[in-house]
Amino acid sequence: MSNRDVIARDLNAVWHPCTQMKDHEWLPLVPIRRGEGVWLHDFDGNRYIDAISSWWVNLFGHANPRINAALKDQIDSLEHVILAGFSHEPVVELSERLVEITPAPLSRCFYTDNGSSAVEVALKMSYHYWKNCGNPNKTKFITLTQSYHGETLGTLGVGDVALYKETYKPLLMEAVTVPSPDCFHRDPDTSWEQHSRRMFAHMEAALEAHAHETAAVIVEPLLQCATGMRMYDPVYLELLREACDRHGIHLIADEIATGFGRTGTLFACEQAGIVPDFLLLSKGLTAGYLPLAVVMTSDHVYEAFYDDFATLRAFMHSHSYTGNPIACRAALATLDIFRDDDVITRNRALSAHMRRAVAHLEDHPHVGEIRQHGMVLAMEMVRDKSARDPFPWQERRGIRVYQHALTREALLRPLGNVVYFMPPYVITEEQIDHLATVATEGIDIATRD
Ligand SMILES: Cc1ncc(COP(=O)(O)O)c(C=O)c1O
């Protein structure tokens, strides 16, 4: 079987996610036969470094022997069982261990089978909590511009990506949207901390105006990934935690992308020393193996639902694959690797190396900023460096970087004008150096005219 064979069959039967399928008239699909470590291998003998961890999910490489062994073992004993009325060992152990590695008062785990559905659960649970507590008028949510929380109708309502949202607007709930603390837009002589602090005034104003009708604020802590790896300072989260408490509003931390070490700490919230009312995890939870997500909350929230059935206070929400045992086993194997390998410390050296490897791009006439939180590094291509003026999105310059990278054994998938690395943690310094070379070449090509 060759790439051509698979592509022909694919285009006959598959409708790909987040894709204008007509693009594949000129942009070839890349069919992958197998993965190993950071490498993806196609059917024609080409290979690619997975610099984006396959949509930010993979942590410890493809076909990781330790995770594979755990899954093989699990498959032979229990593949799936309904989680309502029944239970199983992997879900119990995973819940105990998640509670162990997250700060108090997070003590309860509610599972779903993807990130978007975890966001849906948190929104419903927050609203329902207030209703159960005699506050049925808290029906609104506050969100940030440039935020992304998924693409189901509920999550689009609290997201802010025009490309995904605009078409469906008539179907969506309306959130209160506050300007993001994104530090790319700070004044040149202002620090991240000063800018993030200053931008908090908008949040404070929204809370003043809407607290009485608002259930929760939802944010991606420190890093708004989907809109171009937009970053801000932990101080914003500190201020937000304090203000949510003061106004009697929940704080939902969507760590679906930032969780499990991406920003340099196990969870991004740690850097602000805060604990959200709802912590959402997915993606790296299974190291990129299987779809699984969890909403963690406190006993305090849990108890507001705990009552006789006829009071109708229960949280009546489910997905067929909630808490799937194989997915839970993948998550347990992932946590074992974190426990045994001192991953976060090793990542510190890797993230410092990433920064050094692209330092020369600071002077590139079309790189407006290089920014980094831990294992995520982004380089923003701009038309005019001093004005930080963007290239029009219609020019799709990022695709030129993507196409070039494929010819140089790398999968880079820019978000608009933003080229980024979010690699699996098993990447080596030499492989990072190669990515830096490829990104430099790609940026040169993409910004040439
Ligand atoms: C911050 C954030 N929230 C939610 C989601 C949605 O997760 P899923 O794609 O699993 O539905 C994503 C996906 O990229 C994300 O980055």
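Residues numbered from 1 in each chain as written. Predicted model: local features only at pLDDT ≥ 70, side-chain atom pairs only at ≥ 80, totals over all residues.

1. Here's the deal with the overall build of the protein chain
Tallying secondary structure elements over the protein chain gives 14 helices and 17 strands in all. Against the compact-globule benchmark of 22 Å for 449 residues, the protein chain has a radius of gyration of 22 Å, which places it among compact chains. Taking the principal axes of the C-alpha coordinates as reference, the protein chain spans close to 65 × 60 × 45 Å. Each of the 449 residues in the protein chain was classed as buried or not, and the buried ones make up 46%. Contacts in the protein chain between residues at least 24 apart in sequence constitute 73% of all its contacts with a sequence separation of at least 6. (Helix = DSSP H or I, 4+ residues; strand = E, 2+ residues; numbered from the N terminus. Rg over C-alpha atoms; globule rule 2.2 N^0.38 Å. Buried ≥ 20, exposed ≤ 12 C-beta atoms within 10 Å, placed from the backbone. Contact = placed C-beta atoms within 7 Å.)

2. Some details on the sheet that holds strand S2 (residues 39-42)
What the 4 strands build is an open sheet, ordered S1-S2-S3-S16; its pairing is mixed. In the strand order of this sheet, the two ends are held by strand S1 (32-36) and strand S16 (410-411), each with one partner. The sheet contact formed by S1 and S2 spans 4 bridges and is antiparallel. The partner of Glu-36 across the bridge, within S2, is Trp-39. (Pairing = 2+ DSSP bridges.)

3. Some thoughts on the sheet that holds strand S6 (residues 176-178)
Overall, mixed pairing links the 7 strands, which are arranged S4-S12-S11-S10-S7-S5-S6 in an open sheet. Pairing within the sheet leaves two strands with one partner each, and these edge strands are strand S4 (106-112) and S6. Across the sheet, the mean angle separating the axes of adjacent strands is 20° when strand polarity is ignored. Bridging between strand S7 (residues 214-219) and strand S10 (residues 250-254) involves 4 bridges; their strand directions are parallel. Of the residues in S10, the one forming a bridge with Val-219 is Ala-253. Sheet strands in contact with helix H4 (residues 89-101) are S4 and strand S12 (293-298), and its direction is about 135° off that of S4. Those strands touched by helix H8 (residues 192-210) are strand S5 (140-144), S6 and S7, and its axis lies near 160° from that of S6. (Axes fitted to C-alpha atoms, helices over the stretch in contact; angles between N-to-C directions.)

4. Observations regarding the nonpolar core
Judged by nonpolar contacts, the single largest core of 122 residues is most densely connected at Ala-122, Val-217, Leu-280, Val-294, Val-295 and Leu-412. Looking at which element gives the most residues to this core, the answer is helix H5 (residues 115-132), with 9 residues. Ignoring anything within four residues of it in the chain, the contact list for Ala-122 reads Ile-252, Phe-278, Leu-280 and Val-295. (Core = buried A, V, L, I, M, F, W, Y, C linked by C-beta atoms within 7 Å.)

5. Observations concerning the environment of Gly-35
Mapping Gly-35 onto the fold places it in strand S1. According to the C-beta neighbour criterion, Gly-35 is buried, with 20 such atoms within 10 Å. The spatial distance from the C-alpha of Gly-35 to the C-alpha of Val-91 is 28 Å, given a sequence separation of 56 residues. Sequence-distant contacts of Gly-35, that is, excluding residues within four places in its chain, are made with Leu-40, His-62 and Ala-63.

6. A look at helix H11 (residues 325-341)
For H11, which comprises 17 residues, the first-to-last C-alpha distance of 24 Å matches the rise-based estimate of 24 Å (1.5 Å per residue) to within 8%. Within the sequence span of H11, burial applies to Pro-325, Ile-326, Ala-327, Cys-328, Arg-329, Ala-330, Ala-331, Leu-332, Ala-333, Thr-334 and Phe-338. The secondary structure elements touched by the buried residues of H11 are helix H3 (65-75), H4 and helix H12 (343-357). Count one or two residues on from H11 and you reach Asp-342, which has phi positive near 50°. (Expected span 1.5 Å × (residues − 1).)

7. Description of the site of the ligand
The environment of the ligand is formed by 14 residues, the closest being Asn-114, Gly-115, Ser-116, Gly-150 and Ala-257. Residue contributions to the shell around the ligand peak at 3 residues, all from H5. In terms of residue class, the shell around the ligand is made up of 6 nonpolar, 6 polar and 2 charged. (Near = placed C-beta within 6 Å. Nonpolar A, V, L, I, M, F, W, Y, C, P; charged D, E, K, R; others polar.)

8. Description of the packing of H3 against H11
Describing two packed helices takes the angle between their axes plus the distance from one axis to the other. Following both chains from N to C, one finds H3 and H11 inclined at 150°, their axes separated by 9 Å at the closest point. In this structure, H3 crosses over H11, and the sense of that crossing is right-handed. For the pair formed by H3 and H11, the contact residues are Arg-66, Ile-67, Ala-70, Leu-71, Gln-74 and Ile-75 on the first element and Pro-325, Ile-326, Arg-329, Ala-330, Leu-332, Ala-333, Thr-334 and Ile-337 on the second. (Left-handed = near helix turned anticlockwise from the far one by under 90°.)

9. Digging into the pairing of strand S13 (residues 367-373)
Summarising burial for S13: 5 of the 7 residues are buried, a large majority. Here S13 pairs with strand S14 (residues 376-384) via 6 bridges, running antiparallel. By the bridge assignment for S14, Gln-372 is matched with Leu-377. The antiparallel pairing of S13 with S14 creates a hairpin that spans 2 residues between the two strands, and Gly-374 there sits at a positive phi of about 60°.

10. Some details on the UniProt feature "binding site: pyridoxal 5'-phosphate" (unreviewed entry) in the protein chain
Per the UniProt annotation, the sites labelled "binding site: pyridoxal 5'-phosphate" (unreviewed entry) are Gly-115, Ser-116, Asp-254, His-319 and Ser-320. In terms of the greatest pairwise C-alpha distance, the residues named above, spread along 206 residues, do not form a single cluster, extending to 22.5 Å across. Mapping Gly-115 onto the fold places it in helix H5. Every residue in contact with Gly-115, bar those within four places of it in the chain, is listed here: Gly-150, Ile-256, Ser-282, Lys-283 and Ala-293. Its place among the elements puts Asp-254 in strand S10. What makes Asp-254 buried here is the crowd of 32 C-beta atoms within 10 Å. (UniProt positions renumbered as here; feature names shortened; annotations may be inferred.)

11. So, the packing of H8 against helix H9 (residues 235-247)
Where H8 meets H9, the closest approach of the two axes is 9 Å, and the angle between their N-to-C directions is 20°. Relative to H9, H8 is oriented roughly parallel. Handedness of the crossing formed by H8 with H9: right-handed. Residues Glu-193, Ser-196, Arg-197, Met-199, Phe-200, Met-203, Glu-204 and Leu-207 of H8 touch H9, and the partners they reach there are Val-235, Tyr-236, Leu-239, Leu-240, Ala-243 and His-247. Split into classes, the residues belonging to the contact of H8 with H9 amount to 9 nonpolar, 2 polar and 3 charged. (Parallel < 35°, antiparallel > 145°, perpendicular 65-115°, else oblique.)

12. Digging into H5
Under the 1.5 Å per step criterion, the end-to-end length of H5 is 25 Å for 18 residues, consistent within 8% with the ideal 26 Å. For H5, the tally of buried residues reaches 16 of 18 residues, placing the bulk of the element in the interior. Once H5 ends, the next one or two residues include Gly-134, with phi positive near 85°.

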